[in-house]
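Topology and contacts: notes
What follows is each chain in one-letter form.
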Amino acid sequence: MRKIFLVLLLSISGFVAQAGVHRCGTYNIRTCYGEADTGERAWDKRKQALVDVIRDSMQFDILGINEARDLSLAYLKQELGDVYSFYGDSKDFQNQVLYRTAKYTLLDKGLFYLSSDPSRRLVSWDDDGVHLTVWVKLQDKVSGEIIYFGSTHMSLSPIAIREGARINAEQMSKIAGDYACIVTGDLNSEPSEHDSHANFGTMMANARQVTKTAPQGKYGTYIPGMNPNSMDAKLLDFLYVRNVDIESYMVYSKATQGRTLAPSDHQPVMCEVKVLSPYRDFVHSVKSVEELREVAGTIQPNDIILLKDGMYDLGDSSLYVANTCVIEGSDKTVLTGRTQIFSLPNYISLELKGLTIRDAQLSSMVQGSLLHAHGAYLNLRDCRVESCSTVGDGLIYVEDCAATVENCIFKGNESNERNAGIQVVSSLGTDRYPFTMTKCLFDGNQSVYAPAVYYNSDATAYLYGNSLVNNTAEEKGAVVVYAPNNVKDIRLVNNTFANNRIDVEAGFLVEGIGGSAIWQEQANDGSLTLMNNTVVGNYTACWEQEGVSSVDFAGGALCSYSGKLGLYNNIIAGNYGSKPNSGDITMTDARLLRKTTNNIYSCSSNMQVSPSKTDFVATDYVTAGAELIKLFGGLVDEKDVYRISLHWIAGYPLPVLSPMVSSYASKSFAILDSDAMSAAMVGSDIMNRGSNTGILTIDQLGFVRNYYTVPGAMEQGKYTPSGWLPTTASPKEVKKVMKEGRIVVREGKKDYEMY
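Residues numbered from 1 in each chain as written. Predicted model: local features only at pLDDT ≥ 70, side-chain atom pairs only at ≥ 80, totals over all residues. Heavy atoms only, no water.

Note: strand β14 (residues 303-307) against strand β17 (residues 325-328), four bridges, orientation parallel. Of the residues in β17, the one forming a bridge with Asp303 is Cys325. Alignment of β17 against strand β20 (residues 349-353), held across four bridges, turns out to be parallel. Among the inter-strand pairings, Glu328 is bridged to a residue of β20, identified as Lys353. (Pairing = 2+ DSSP bridges. Helix = DSSP H or I, 4+ residues; strand = E, 2+ residues; numbered from the N terminus.)

Encoded structure:
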C-alpha cells in the first residue's frame, strides 16, 4: 500500500521513475544548531521529515547534501544507510554525496578546495572560511553509464563566490572529461548575481534553463524561517551539468508529516537526468534551417555546430542557442532574418566563427538586433555583418560579458538609434569583463551615434589594428567611449580612422555633437590612451543655417569631453571642423591632457590641445593641407576639406593610409627610438599583456616599423613607408620600384603593392 501511495504521489508531481533515468538533486539540510533552532525548527522535530523527503517523497538516486554536521550526518547514516552510501566532508561546510548502493558502483572519489590553490586547504580572497567540493565517479550497475557528481557549498563573500564558481567549473570539467558531469549545491547567489553563474556558464549548463519540460514547483529554494510559503524565498540551490539531458526539473516545496514548516530552510531540487555517451560526436554538421534549430536548441556545453555552405533564412523566428558552444561557417555561409538572429540564455559563452550575416531587416526594438550576450564570454572571429538595418540598440549587444572581436567586417549597416555595430554595456562596476577588438573593419555604417563601437562599461578596453572608415553619425562618431564612471585605461593602438563624418543641423543637444572619429566621456580619473593611430580626413560639422556654423557644439575628430587623454606617436591631421579651432581635437578641460608627444597635427589652430615641443605641426591649415597631400596624396577641396583615398595592400583585408614620405612640415619624423614605443614610458598596457611592459615595434599590418631606414628608429602613425617590407626579408633583397606607374616593394621576384 505504501509503494502504491508513493507511485501516485510521484505521478501527481510529474516524476515517475524511468529506465535509464538518474534522479539527481541537491539539498541544504541546515546544520544542527542546537538551541538556536527551537520548536518545530529544532533538529529533533524535523529530522524524520527530512529523511522522508530524501528517501520517500523524492526518491533520489544521487544527492548532494550541504551542512551535514556530525550529529545530523550520524542520524542520516542511521536512517538511510541501508539504501544509500555516503562520501564527503564533515569538517568544513559538511558537503556529502549520497548514492544508491544497489544502483551504483563507486569507481573513484576526491575533493578540491575553492581556494587560490585547489589542492590546498586555504582561505582565499575575501572568504571567511574554507570551502570545498567533494566528488564521486559512479557507474550504473545495469547500464554501465558513468556519472561524475560533485557537491559544493559556496561562500557568502562576492569574490570568493565568483572564484569558487570558476574553480568548480574548471576542476569538475577537467576531472570528468567527456563523461556526464553534475555539480550541485548551495551557491549563495541568485541568477541575477552575475559572477558565479557566468563562470559556471563557460563550461556547464544550468539545469533549470535546459530542462526539456517546464520547471515544476516554486521558484525559490532558500526559504527563511523554514516557511515553504515565504515571500522572501530566493533561488540559491542549483545543478550545473554537462554531457547530460535534463528530462525534468522540480523544486519540492511541500511540508510533510503534518508540519506547517519545511524540514530545512532550503528546499530540495531534483532533476531527472539522462546520460549522453562520452563517445558521441561533439561536432554537429547542419545544412538546413530546420536542422540548425534542432541542434542549437539541444546543444551540449562546448559542442560545435558546423554550417554547410548556403543561405539560412531564419524568417521571423530567432535561433535559440541552448548552451555554450561554437557556431562555425565559411565565407559561403550566410544567415539572414527579420528578427533577432540569435536568442541566448544568460551566462553562456558563444563563439561565432566564419559566419556572414547579410541583409537582415530587423524591425523589433531590442538590445542587440543580431544577438544579446549577457553572460560569461562572447567571441566573434572572421565574421561579416553586411547591409543589416535595425531600430534597436546595437547589432551586437554585450552586457556584463567579456568579449573578443577579431578579424570581423561590419559594412553598410544602419540603425536609427544609437549604434549600428557593437554596443558594450556593464552595470556591475567591475573590471572583470574587458572588451578586445583587433583587426576589424567598420566601413560605411550609419547611426545616430557610434556607428562602429559604443562603449558604456566600467571595464578596460583594447582596440588594436582596426580600420574605421566612411562611417556616418548624427551626434557622436565612429567609436564612442561613454562611461562616466569608468576609471580604467581605454587603449587604442595602431588603428586607422579616416573619412568618418558628422554633418547635422544645430538643435537642442549640440553640446553632445562631436568626435566624428572618437568621443571620450569617462570619469576624470579614467583615461584614453592613443598610440600609433592615424586619424585623418574626418569631418565634423554642425550648422545653424546654410554656411553658418554653430559655435556651441563639441566638434573635433577626437573629442575629449571628460577623462584624461594621452597622445603618443599618432597622426591626427587633415580633419575638418566647422567650429573654429576644432578640426583635429577638442578637449573640454585641457588640464586633463596627460601627455602629447611625437604626434603629427595639422596645425595649432585646428585643435584645442597645445602641441608639445616633440609634436609636428604646420604653420597654418592651408600649409597643413599641402603637407598632407605630400604625405598621403588626396586633395583639399574648395571648402578646405581634406579628402583622402584609402589604400588597400595586396594580401591584407584592411584599408590603411600609407605615408609616401617620412617628413612633415620640413621635419623628418623617422627619429624615434624604441623607448618611444615602450609601455613603461607611456604608462599604459599598450601590448594588452595585463601590465605596462613590452615595446610596440610593429605597424597595423604586422610589419616591423622603419626596419630598413634608420636602425633602431621609429616613425609616427600606425603605418610607415618601411612597413611594406616583410620582417623576414633581408635588406639586400628588398627595394622600392615603379611598376605600371605605381610604387611597389619588390622582394626577390615578388611584388608588394603600396597603393
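Look at helix α4 (residues 158-176): 27 Å from first C-alpha to last across 19 residues, which is about the 27 Å you get at 1.5 Å a residue. Every buried residue of α4 is accounted for by Ala160, Ile161, Arg162, Glu163, Gly164, Ala165, Ile167, Asn168, Ala169, Met172, Ser173 and Ala176. With its phi angle positive at about 60°, Gly177 sits one or two positions after the end of α4. (Expected span 1.5 Å × (residues − 1). Buried < 20%, exposed > 50% of the residue type's maximum accessible area, 1.4 Å probe, protein only.)

Moving on, we get to the pattern of salt bridges. In this structure the tally under the stated criterion is 24 salt bridges. We note a salt bridge from Asp56 to Arg55, for which the minimum N-O separation is 3.3 Å. According to the relative accessible area criterion, Asp56 is buried, its value standing at 10%. Classification of Arg55 by relative accessible area gives partly exposed; the value is 22%. Here Lys212 and Asp245 are joined by a salt bridge, their closest N and O atoms 3.5 Å apart. On the criterion of sequence distance, the pair formed by Lys212 in the loop between α6 (207-210) and β10 (237-242) and Asp245 in strand β11 (residues 244-251) is long-range, its members being 33 residues apart. (Salt bridge = Lys/Arg side-chain N within 4 Å of Asp/Glu carboxyl O.)

Moving on, we come to the state of the cysteines. Evaluation of the coordinates by the stated rule reveals zero disulfides. Free cysteine: Cys383, not disulfide-bonded; nearest cysteine sulfur from Cys408 at 4.8 Å. Accessibility expressed as a relative area gives 8% for Cys383, which makes it buried. Residue Cys440 stays outside any disulfide, its sulfur separated by 4.8 Å from that of Cys408, the closest cysteine. (Disulfide = S-S within 2.5 Å.)

Moving on: the sheet that holds β20. Strand order in the open sheet formed by twelve strands is β13-β14-β17-β20-β24-β28-β32-β36-β40-β44-β49-β53, and the pairing between neighbours is parallel. What marks the edges here is a single partner per strand, and that holds for β13 (283-286) and β53 (593-597). In this sheet, adjacent strand axes meet at a mean angle of 10° when their direction is disregarded. Bridge count between strand β40 (residues 489-493) and strand β44 (residues 527-531): five bridges; the pairing is parallel. Within the sheet, the bridge partner assigned to Ile490 lies in β44 and is Leu528. (Axes fitted to C-alpha atoms, helices over the stretch in contact; angles between N-to-C directions.)

It is worth spelling out the nonpolar core at this point. Counting 77 residues, the largest nonpolar core has Val321, Ile327, Phe342, Leu378, Ile422 and Phe435 as the members making the most contacts within it. Of the residues forming this core, the biggest block, four residues, is contributed by helix α7 (residues 289-297). When neighbours within four sequence positions are excluded, Ile422 is seen to be in contact with Ile396, Val398, Val405, Phe410, Phe435, Met437, Phe442, Ala452, Val453 and Tyr454. Listed in part, the 48 residues of the second largest apolar core include Tyr87, Leu187, Met204 and Ala205. (Core = buried A, V, L, I, M, F, W, Y, C linked by side-chain atoms within 4.5 Å. Contact = heavy atoms within 4.5 Å.)

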